[in-house]
Structures are given as structure tokens and as C-alpha cells.
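# Architecture at a glance
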Amino acid sequence: MTPLLDVRHLSKHYGRQIGCADVSFDLWPGEVLGIVGESGSGKSTLLNCLAGHLAPDQGEVIFDTRAEGPKDTLTMSEPERRMLSRTDWAFVHQHARDGLRMGVSAGGNVGERLMAVGARNYGSIRSQAIDWLGRVEIGETRVDDRPTTFSGGMQQRLQIARNLVTGPRLVFMDEPTGGLDVSVQARLLDLVRGLVRDMGLSAIVVTHDIAVVRLLADRLMVMKDGHVVETGLTDQVLDDPQHAYTQLLVSSVLQV
Amino acid sequence: MCCPVLTTPSPGSAKDWLMSDYNFAYLDEQTKRMIRRAILKGLAIPGYQVPFASREMPMPYGWGTGGVQVSAATLTPDDTLKVIDQGADDTTNAVSIRSFFERTAEVATTTVTSDASVIQTRHRIPEEPLSEDQILVYQVPIPEPLRFLEPRETETRKMHALEEYGLMHVKLYEDISRHGHIATSYAYPVKIEGRYVMDPSPIPKFDNPKMNMPAIQLFGAGREQRIYALPPYTDTVSLDFEDHPFDPSKAPHPCGLCGAEDSYLDEVITDDQGGRMFVCSDTDYCETRCANGHRGTELAETAA
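Okay, so let's go over this structure.

## Points about the interface of chain B and chain A
Facing the 21 residues of chain B at the interface are 22 residues of chain A. Here chain B meets chain A over a buried area of about 1,800 Å², counting both sides, of which 55% is carbon and sulfur. One can count five salt bridges joining chain B with chain A. Two residues, Arg-82 of chain A and Glu-155 of chain B, come together in a salt bridge whose shortest N-O distance is 3.0 Å. Inspection of the chain B/chain A interface yields 13 residue pairs in polar contact (both at pLDDT 80 or more). Elements represented by at least two residues in the side of chain B that touches chain A include exactly α5 (153-161) and α6 (166-179) of chain B. It is α6 of chain B that contributes the most residues to the side of chain B that touches chain A, nine residues altogether. Its residues assigned to classes, the side of chain B that touches chain A comprises eight nonpolar, four polar and nine charged.

See the structure below:
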């Protein structure tokens, strides 16, 4: 079995500042990897490098493409990479506004990826959009409303629907629950967990919220100052942290 | 008189030498050369927006500075120019641009479509079919069809380069979801030769099917500094959905003056009692038909 994503020695520097340094890991089909760490630890830099939004200084990101098998996405041509990011990849932004078209109705937002890969039948685009809105618990009556009229949690769910409609195999999530209140967070996590399990998605979830990775992630990577300091199964890392920083992180969580 | 050749004036012949000998059609030869290169590139890559160094023209942006520059670079002393604005030869924009070229190029002008060799137009294609020896110059306000969907120029250029036109259909999707049909009625996006998506300038979508024509079509956007072009018989397809096909609609009336059933109509309010009439927006077409004895209902009433 080949890993879905094989990352080798990935580094990104901002001048003399380290973004992330020498990161290597495998992601297997159906697996959810959590990346935790404090602000400025390089989590988002790493995620953006993986998703092709930033060009890393060195390293390889080898994705198991449907057509041609494992291929380095960094040396791929731009059309190929953009095609991947519309079909096999999905990116869920922390702020739904970054990932949505705010001037376009919810149905249009969900339909955009379908139309981008060549769907040209209004009826089927619309029924798929309604189906996906239903899956993320947005009523059919809201299909023609703009996301500006949606609450924060609904916008985030709409963003997820918009990303998953083309049946991607790998989802990048950057703080998917950031800025939502805890009850909305809980429902969103529940929903994402269900979708990931049902669709057999692989996902990389960047967060600073231990609770999110506890619920979602199979495996965990702890980052500090651009370096990976600890990796392992989620429960193992959280229940028996070895590195001093991980111990601090786990003990900092408020117990209610 | 209008020969565009620079002859160095000798002291004795200063009277014979005129500025207009050099500056035929307002622009200097270097500028026209630059614009012609952009036009040729545009013709070579149909639908591709070629950047060019748009000049200040003696009229405000939005009045057709792009079209005027393209016309100036296209005109030769033997040409006959026709200028229309929304189909009409007698509106401010058309009259002032026509007199501009009468003064700066001293070319013959006409209002008869078939007599013209260069036709500058704002927002219409003439009803009368054009021929291979004619050039149609469009005035374009916003050349980028994706502009209102994607404000970043860097991103829209990339989308054109990579043929990522899904977003254009999002606009049509939004139309249908809001109005039940594709409500875009002008500047209706077209795909050129299966490659570039192009804004046909704000012509009514009724004119879209005419774009596959024998004449050369040139598009000039002065403020946005873009020129694009369609060679004769270029394949242009108006974008649509399988279950909502393109419909080049017009007002369902005959012309009130000439009775034409096949021309694009303007609605004219005639009084404040709700009275209205529909007339051809192409004035030359309408007048020619009237002169040939065609009579619409409104004209018959006034005559009687």
C-alpha cells in the first residue's frame, strides 16, 4: 500500500526566520493527522506548503494521484496542481470568508467546483448542491441565500460542503473550529468526523485546540519553533507526552 | 494631402508642409504602429486580451477612447467611416466621434452600413450583414469577462491562461437561481474557438450569434488598456447550461416605423399615459426599410 501523501524533508524559511524545518511524515488513505502547536510554531506554513499555496525552499510532497500514481506536487506543472486542488484536494480555511464567495448564493458556492470540472447541467448541479447543503445541516430553503446572511457556524459548514462536493481524497483544514462558540464547535466536529468516516477521507487538521485533535485525529504531530518535536498516535501523545513542550501543552488545557 | 509620409520641410516650402501630413488620424505613427502590433497579435490569438499603451485622447474615458484609438490605427485615407452608438448614427457619441475623424483624418463618412469600410460601434452590431472587406471596431468599457467575479487581475490572467472558466458558469447559475432563466441580457460571455472566454462588449445578447461573421472585429478598451480581436468567421459560442440553452431574445414586437420583425428594438416611451412604441435600434436599417416602402403600424397612423 502506498501512502496518500509522502512528505520528505520539507523546509520553508522567511529570510532568516524559520517557517518550518525538515518536516517528514506519511499520510495513509483514510487517516486523519492532527498538527498542534502554539501560535507561530509553523503549523499554517507547513499546511500552506503542502497545499501548494506557498512554495517551500526544499523537500518533496509526493501525492498518490489517481491517474499516474505517486507524484511530487512541487515539481508538477501549475495546471496540474490547480486541477488537483479543485478535484482531489480540499482546503478548509479558518475564516469561512476566505474560502467562500460572499457575493454568490450558497448553491452557487457549492456548485462552483462542479462547474469548474465541467458540469454544465443546471438541474443536476442544483440538486447536488441541495444534497450537500443537507449533509451539512443547512436547509434547502437557504440554497439561494448569500453566505453573508449565514451565522459563523453555518458559513463554516457551507465551506465544508463546497469543498467536499467533488469527492476529494485529501482535505486540508486550517483551524476549522477557530472563532466558533463551543456548542457550535462540538456540532461541527461531530459533522466533520461523520463525513470523514463516511467518505473515507484523509485529512490534515491544523489546530491549537487539543480537544479538536482528540476527537478527529488518528495521529498527532506536535510542532514548536518550526520543528516537529513529537509524533505518535493521538491518545498516546496526549496521555503520555514525552517532550517538555507537549507536556506543557497538555497540562495547559483547562479541566472543567 | 493625407499621405502619411514625413518629408523634412525645407525653409522655402514651409507653407506646403502640414502637421496633418504626419499625424493622419490624430495619433502619431509610432503610436499607430504600436496599436497595429497589438491588433495583429489579437487577431493571431482570437479572444486574448492584448495589453497596449493606451494614449490620452481628447475625450473622457468611457466615451470610446479605446475604439477611437483602434479606428485611428486602422483607417487609411481611402476608407469610409460609419460610427454608431446603440445602433444610431445621430446620437452625441456617434456624431462627435464621426466629426473627430472628419477633422483629423479627412476620411469620407457615411451612415449607410454597406458603404462603410470601417464601422466604429458602441453596443450594437448593425442589422445588415457585414462583408469581408469591412472592419467592425467595438468600444469596450470592461474587457475582462471575469472581472466582477474575481477582482484580482493576476488571478484572472491565470484563469485565462489555464482555461479555468468554471466561475463564468457560476454567474449564469446565479442568474437562473435568482430569476429562473439566464437574465444576463448584454455583455453575454462567449467562448472563442473553444479556448478564450471573451466579453463581447455590452452588445445585446441578440447580437451574439452575428459575431461569427465575414468582417474583422476589433475591440478596444482605452481605460483598461486592452485590445482583442476576432478574425473573419471565428467560431463564437455563447455560454449556457444544457437545460438552460442560450436564447438570443428581443422584444416580441415588430418595429413601429418599418415593421421589421427580425431587428433589435428600442422601447420608446411616447407619453405619460403608458404609451410606448418599439423601433429598430439600428437607425440606418430602419430608414432604408422605410425608404423601400415598408410601413410599421405607428408610421401608418401618423401618416393618416
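## Description of the pattern of salt bridges
All names here are of chain B. Considering all chains together, one arrives at 39 salt bridges over all chains under this definition. Salt-bridge contacts for Arg-195 lead to Glu-163; the nearest nitrogen and oxygen are separated by 3.7 Å. Here the residue Arg-195 occupies a position in the loop between β6 (190-192) and β7 (196-198), and Glu-163 occupies one in the loop between α5 and α6, the gap between them amounting to 32 residues. Note on Glu-163: relative accessible area 37%, which makes it partly exposed.

## What to know about the sheet that holds β6 of chain B
All names here are of chain B. The three strands are arranged β7-β6-β10 in an open sheet whose pairing can be described as antiparallel. The outermost strands of the open sheet, each flanked by one partner alone, are β7 and β10 (236-238). Averaged over all adjacent pairs, the angle separating strand axes in this sheet is 30 degrees, with direction ignored. Relative to β10, β6 is paired through three bridges, and the arrangement is antiparallel. When the bridges of β10 are listed, Lys-191 appears paired with Val-237.

What counts, and at which threshold
Residues numbered from 1 in each chain as written. Chains lettered and ligands numbered in written order. Predicted model: local features only at pLDDT ≥ 70, side-chain atom pairs only at ≥ 80, totals over all residues. Heavy atoms only, no water. Contact = heavy atoms within 4.5 Å. Buried area = accessible area lost by both parts, 1.4 Å probe. Salt bridge = Lys/Arg side-chain N within 4 Å of Asp/Glu carboxyl O. Polar contact = N/O pair within 3.5 Å; in protein donor to acceptor, adjacent residues only side chain to side chain. Helix = DSSP H or I, 4+ residues; strand = E, 2+ residues; numbered from the N terminus. Nonpolar A, V, L, I, M, F, W, Y, C, P; charged D, E, K, R; others polar. Buried < 20%, exposed > 50% of the residue type's maximum accessible area, 1.4 Å probe, protein only. Pairing = 2+ DSSP bridges. Axes fitted to C-alpha atoms, helices over the stretch in contact; angles between N-to-C directions.

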